[in-house]
Amino acid sequence: MTIIFFLLLLPCSLGVGAFERLKIKDDFFIERVTIGHRISSNSSSTLRRKRESGMYDAARNVTSHLNTILRDYDKNLRPLFNKNAPTNVYIDINVRTMGFISEKTNTYSFDCYFRQTWTDERLRFIAPRDSMRVLSLSTAMLDRIWKPDVYFWNDAGSYVHTQTVPNRLVRLFDDGTVLFSMRLTVKAKCRMQLIRYPLDRQACRLVIGSFAYPVDEMNLHWKVTNSNSGVQIDDVAFTELPQFSVSGFEIVNKTSIQRDLNYSALEVRFLLDRHFGYFLMNFYVPCTLIVLLCWVAFWINREATQERIGLVITNVLTMMFMSLDSKADSPKTDYPTALDVYICICLFFLFICMVEFTIVHYFTKLNTGDPEKLLKCGMNTMWNENKFAYFSE
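Structural notes, computed from the coordinates. Note that the structure is a prediction, hence the values are computed from the model and not measured. For every chain, the first residue of its written sequence is number 1, and the numbers climb from 1 along that sequence. Two thresholds apply to this predicted model, a pLDDT of at least 70 for residue-level local features and 80 or more for giving and counting side-chain atom pairs, whereas whole-chain, interface and lining totals are computed over all residues. The side-chain values count all of the structure's non-hydrogen atoms but skip hydrogen atoms and water molecules.

A few points about the sheet that holds strand β11 (residues 244–258)
Alright, step 1. Pairing between two strands is assigned when DSSP locates at least 2 bridges connecting them. Each helix is a run of H or I in the DSSP string that is no shorter than four residues. Each strand is a run of E no shorter than two, and both are numbered from the N terminus. Taking strand neighbours across the sheet as the criterion, the 4 strands line up as β4-β8-β12-β11 in an open arrangement whose pairing is antiparallel. Each of the sheet's edge strands pairs with one partner strand only, and the pair in question is β4 (150–152) and β11. Geometrically, the sheet is characterised by an average inter-axis angle of 20° between neighbouring strands, direction not taken into account.
Alright, step 2. Where β11 and strand β12 (residues 262–274) come together, 12 bridges link them in antiparallel fashion. Of the residues in β12, the one forming a bridge with isoleucine 251 is valine 268. Angular values range over 0 to 180 degrees, each being the angle between N-to-C directions of two axes fitted as lines to C-alpha atoms, with helices fitted over their stretch in contact.

A few points about the nonpolar core
Alright, step 1. Formed by 69 residues in total, the largest nonpolar core has its most connected members in Tyr108, Phe110, Phe114 and Leu206.
Alright, step 2. Top element by residues in this core is helix α3 (residues 277–295). It accounts for 7 residues.
Alright, step 3. It only takes one pair of heavy atoms within 4.5 Å for two residues to be counted as in contact. Those residues in contact with phenylalanine 114 that sit more than four places away from it in its chain are Ile91, Asp92, Ile93, Val150, Phe152, Phe180, Ser181, Met182, Leu184 and Ile208. Each nonpolar core is a collection of buried residues, namely Ala, Val, Leu, Ile, Met, Phe, Trp, Tyr and Cys, held together in the definition by side-chain atoms within 4.5 Å. To sort residues, take the accessible area from a 1.4 Å probe on protein chains only and compare it with the maximum for the residue type: under 20% means buried, over 50% means exposed, and anything in between is partly exposed.

Points about the environment of lysine 332
Alright, step 1. Here lysine 332 shows up in the loop between α4 (305–329) and α5 (338–367).
Alright, step 2. Measuring from C-alpha to C-alpha, the distance between lysine 332 and glutamate 103 comes to 8.9 Å, with 229 residues separating the pair along the chain.
Alright, step 3. Engagement of the side chain of lysine 332 in a polar contact is seen with the backbone oxygen of lysine 327, the distance being 3.4 Å. Polar contacts here mean pairs of N or O atoms no more than 3.5 Å apart (in protein, one a potential hydrogen donor and the other a potential acceptor; neighbouring residues in sequence count only if both atoms are side-chain atoms).

Some points on the state of the cysteines
Alright, step 1. When two cysteine sulfur atoms are found within 2.5 Å, that pair is recorded as a disulfide. Within the structure shown, the criterion is met by 1 disulfide.
Alright, step 2. Between the sulfur atoms of cysteine 190 and its disulfide partner cysteine 204 the distance amounts to 2.2 Å. The sign of the S-S torsion, about -80°, decides the handedness of the disulfide formed by cysteine 190 and cysteine 204: left-handed. With a gap of 14 residues between them, cysteine 190 in the loop between β7 (177–189) and β8 (201–210) and cysteine 204 in strand β8 connect regions that are remote in the sequence. Taken as a pair, cysteine 190 and cysteine 204 share a single burial class, namely buried.

What to know about the packing of α3 against α4
Alright, step 1. One way to put it is that α3 packs onto α4 with a least axis distance of 9 Å and a crossing angle of 165°. On the basis of the axis angle, α3 is roughly antiparallel to α4. Once α3 is placed against α4, the crossing between them reads as left-handed. Of the residues in α4, those in contact with Tyr278, Asn282, Phe283, Pro286, Cys287, Ile290, Val291, Leu293 and Cys294 of α3 are Leu311, Val312, Asn315, Thr318, Met319, Met322, Asp325, Ser326 and Asp329.
Alright, step 2. Note on residue classes: Ala, Val, Leu, Ile, Met, Phe, Trp, Tyr, Cys and Pro are nonpolar, Asp, Glu, Lys and Arg are charged, and everything else, Gly too, is polar. Class assignment for the residues of the contact of α3 with α4 results in 12 nonpolar, 4 polar and 2 charged. The labels follow the angle: roughly parallel below 35 degrees, roughly antiparallel above 145, roughly perpendicular from 65 to 115, and oblique for the rest. Crossings are sorted by hand: turned counterclockwise from the far helix by less than a right angle, the near helix makes the crossing left-handed, and turned clockwise it makes it right-handed.

Things to note about a nonpolar patch on the surface
Alright, step 1. Exposure above 30% relative accessible area and no salt bridge define the residues that can form patches, which grow by joining like charges within 9 Å and nonpolar side chains of Val, Leu, Ile, Met, Phe, Trp and Tyr within 5 Å. Exposure was quantified through the Shrake-Rupley algorithm and a 1.4 Å probe, taking into account, for residues, occlusion by the shown protein chains and nothing else. Salt bridges are defined by distance alone: a side-chain nitrogen of Lys or Arg within 4 Å of a carboxyl oxygen of Asp or Glu. On the surface, a nonpolar cluster with roughly 1100 Å² of combined accessible area is contributed by Leu280, Met281, Val285, Leu289, Leu292, Trp295, Phe298, Trp299, Val341, Ile345 and Phe349.
Alright, step 2. Elements represented by at least two residues in the nonpolar patch include exactly α3 and α5.
Alright, step 3. Top element by residues in the nonpolar patch is α3. It accounts for 6 residues.
Alright, step 4. For leucine 292, the position within the fold is in helix α3.
Alright, step 5. Here leucine 292 falls in the partly exposed class, since its relative accessible area comes to 41%.

Brief notes about α4
Alright, step 1. An ideal rise of 1.5 Å per residue puts 36 Å on 25 residues; α4 measures up with 37 Å between its terminal C-alpha atoms.
Alright, step 2. When α4 is considered as a whole, its buried residues turn out to be Arg308, Val312, Asn315, Met319, Met322, Ser323 and Ser326. Working rule for helices: expected span equals 1.5 Å times residues minus one.

Brief notes about the packing of aromatic side chains
Alright, step 1. Any two of the Phe, Tyr and Trp rings considered here, Trp counted by its six-membered ring, make a pair once their centres fall within 6.5 Å; the pair's planes then place it as stacked at under 30 degrees, edge-to-face at over 60, or tilted in between. Evaluation of the coordinates by the stated rule reveals 15 aromatic pairs.
Alright, step 2. When the centroid spacing of 5.3 Å and the interplanar angle of 55° are considered together, the rings of phenylalanine 110 and phenylalanine 270 count as tilted. Taken together, the residues span a long stretch of sequence, with phenylalanine 110 in strand β2 (residues 107–119) and phenylalanine 270 in strand β12 at a distance of 160 residues. By the burial criterion, phenylalanine 110 is buried, and phenylalanine 270 matches it.
Alright, step 3. Joined through ring pairs, the aromatic side chains of Tyr197, Tyr278, Phe279 and Phe283 make up one cluster.

Here it is in structure tokens:
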């Protein structure tokens, strides 16, 4: 009996021992995996801290270097001042949208990115890595370095966009090159020639110059690259203009503004073609139809004097109204425009029609024996005979 009981307990003991050994192995495996994961996490955290620490140290070194440079930096002196050489400033414009164009005030406006690039050797620094060769700086940096005194010679009220922050950008390269970009709405004077209005084509100028530095101290140049000639235009935005279409632009590499001295300047001319459809439908076609309507009176009976004269006078008054309406929309000039000449020609044709009616009416009544005309002629004859008899006595 004892032997049978021992045989029954032997498998259970073996099972418990195997389970204990398996549990020990599993716990060891889990602990080993946990320890390996902890070691891997610690390694990645260490690497990340080292990387961040390296970047922070590099940025701190650049900041410290810039502070060292600006400590002895004099922003009142332009670059190359000590070498008696002019400072070269490169300018490029990216025109985004064209704004309002007014013939009455001779102004035009457009929205653009205005960029200036120059090299200041005093701002050179050693980049710790290639990714830090170009630094995007705060706009407060502009108050601590020299910048060109560029202005628009024919400006009429330009401004810098400030929504939601002042739209200005400053980048510093390791060789001392500074890129200063800002978003502007430029409003400038445009001297328009309106002799061929509304068939005119305008060339609106924008002259960029230095205000205080003459040509022997600062020179302006267009920043020309492979795909950029100094001025870029968004063609899609310009197709939405209501009155004009931009057919192109012309740039002048070098001009000079003479005040007390010669100053370097750049010039770009925007070529604007006026849309003719509005004037065709509102002025040219109605005026032509009015003249043709006056010619219809030639087929009216020549004895219908009141109807013919009334038709001509109505056409003349309508033409005068069209002339005043055209003057309300057109600029005030001291010379006639092409539209004024056309309206004057239409009025001349209406006047010729009126003269023709008068001549036809006069000779028709004289040659057809009109009683009124004959009575008037007879009274004149009797008066002349009595007058002759009186003086003869």
